[in-house]
Amino acid sequence: KAGVTQTPRYLIKTRGQQVTLSCSPISGHRSVSWYQQTPGQGLQFLFEYFSETQRNKGNFPGRFSGRQFSNSRSEMNVSTLELGDSALYLCASSLDKPGAKNIQYFGAGTRLSVL
Amino acid sequence: KNQVEQSPQSLIILEGKNCTLQCNYTVSPFSNLRWYKQDTGRGPVSLTIMTFSENTKSNGRYTATLDADTKQSSLHITASQLSDSASYICVVYTRNQGGKLIFGQGTELSVKP
């Protein structure tokens, strides 16, 4: 069974640009969550999608958005990039709600550098 | 405020030695607690999940304990190996606000030969 696949693995952008990251969950998993990881803040929850609907959202500005497709694949978009958006963006999939003993499986992440 | 605090921030041990990582939480209501291992450049991997009624859970050389009364958990690593070098993250799930995972900052473990 293939794991969670994130593309691209590395990305370099400049301030003001926008970026789209992609996540393919494990087959059969309908919940996809996105996280931002930085050395200073650790893992911060961005949002969770289930059956194409955003089910939960963290405390990030509206520049961060996402969507989920009917095949459960998900994308997240960051517009008007800022230097502080440089981070590792992780996607995780699970059968259902990521809590409640449903194990989340993480992808390797996309390393975004904003110059 | 819902928080998960881990200690120490970093730890260096010699191969073959045991170590214990700590996690204190103030998350309420508590639903479950999990430990993740994150290798450099990789995503976290789940080690254990424990609910309120479970106070010990093992996964190979990893043993997690939970004291729901004192809101403390520990992760004990036995006979450490070089491959145990990683960040270990404690995460608490609460059903509040539709269900949220609260992440600790992690403990960076380095196992030296």
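Look up: the structure comes first, before these words.
These notes cover the structure that comes with them.

1. Concerning the overall build of chain B
Each helix and strand in chain B was counted, giving zero helices and eleven strands. Ordered by position in the sequence, the α and β elements of chain B form the string β-β-β-β-β-β-β-β-β-β-β. Against the compact-globule benchmark of 13 Å for 113 residues, chain B has a radius of gyration of 14 Å, which places it among compact chains. Its C-alpha atoms give chain B principal-axis dimensions of roughly 45 × 25 × 20 Å. Every one of the 113 residues in chain B was classed for burial, and the buried ones make up 47%. Pairs at least 24 residues apart make up 55% of the contacts formed inside chain B by residues separated by at least 6 positions. Total accessible area on chain B is roughly 5,500 Å²; 47% of this is exposed by carbon and sulfur atoms.

2. So, the side chain of Q104 of chain A
Residue and element names in this part refer to chain A. As for its placement among the helices and strands, Q104 is situated in the loop between strand 9 (87-94) and strand 10 (105-106). Exposure remark for Q104: the relative accessible area of 2% places this residue in the buried category. A distance of 3.4 Å separates a polar atom in the side chain of Q104 from a polar atom in the side chain of S33. A polar side-chain atom of Q104 sits 3.1 Å from a polar atom in the side chain of Y35.

3. What about the sheet that holds strand 8 (residues 74-78) of chain A?
Paired through backbone hydrogen bonds, the strands of a sheet run either parallel or antiparallel to each other. All names here are of chain A. The strand order across the open sheet built from four strands is 1-3-8-7, with neighbouring strands paired in antiparallel fashion. On the outer flanks of this sheet lie strand 1 (5-7) and strand 7 (64-68), each paired with one strand and no other. Sheet twist, expressed as the average angle between the axes of neighbouring strands with direction ignored, equals 20°. Two strands pair when backbone bridges link them, and strand 7 and strand 8 are joined in this way by five bridges, in the antiparallel orientation.

What counts and what doesn't
- Residues numbered from 1 in each chain as written.
- Chains lettered and ligands numbered in written order.
- Predicted model: local features only at pLDDT ≥ 70, side-chain atom pairs only at ≥ 80, totals over all residues.
- Heavy atoms only, no water.
- Helix = DSSP H or I, 4+ residues; strand = E, 2+ residues; numbered from the N terminus.
- Rg over C-alpha atoms; globule rule 2.2 N^0.38 Å.
- Buried < 20%, exposed > 50% of the residue type's maximum accessible area, 1.4 Å probe, protein only.
- Contact = heavy atoms within 4.5 Å.
- Areas by Shrake-Rupley, 256 points an atom, 1.4 Å probe, with all protein chains shown as cover.
- Polar contact = N/O pair within 3.5 Å; in protein donor to acceptor, adjacent residues only side chain to side chain.
- Pairing = 2+ DSSP bridges.
- Axes fitted to C-alpha atoms, helices over the stretch in contact; angles between N-to-C directions.

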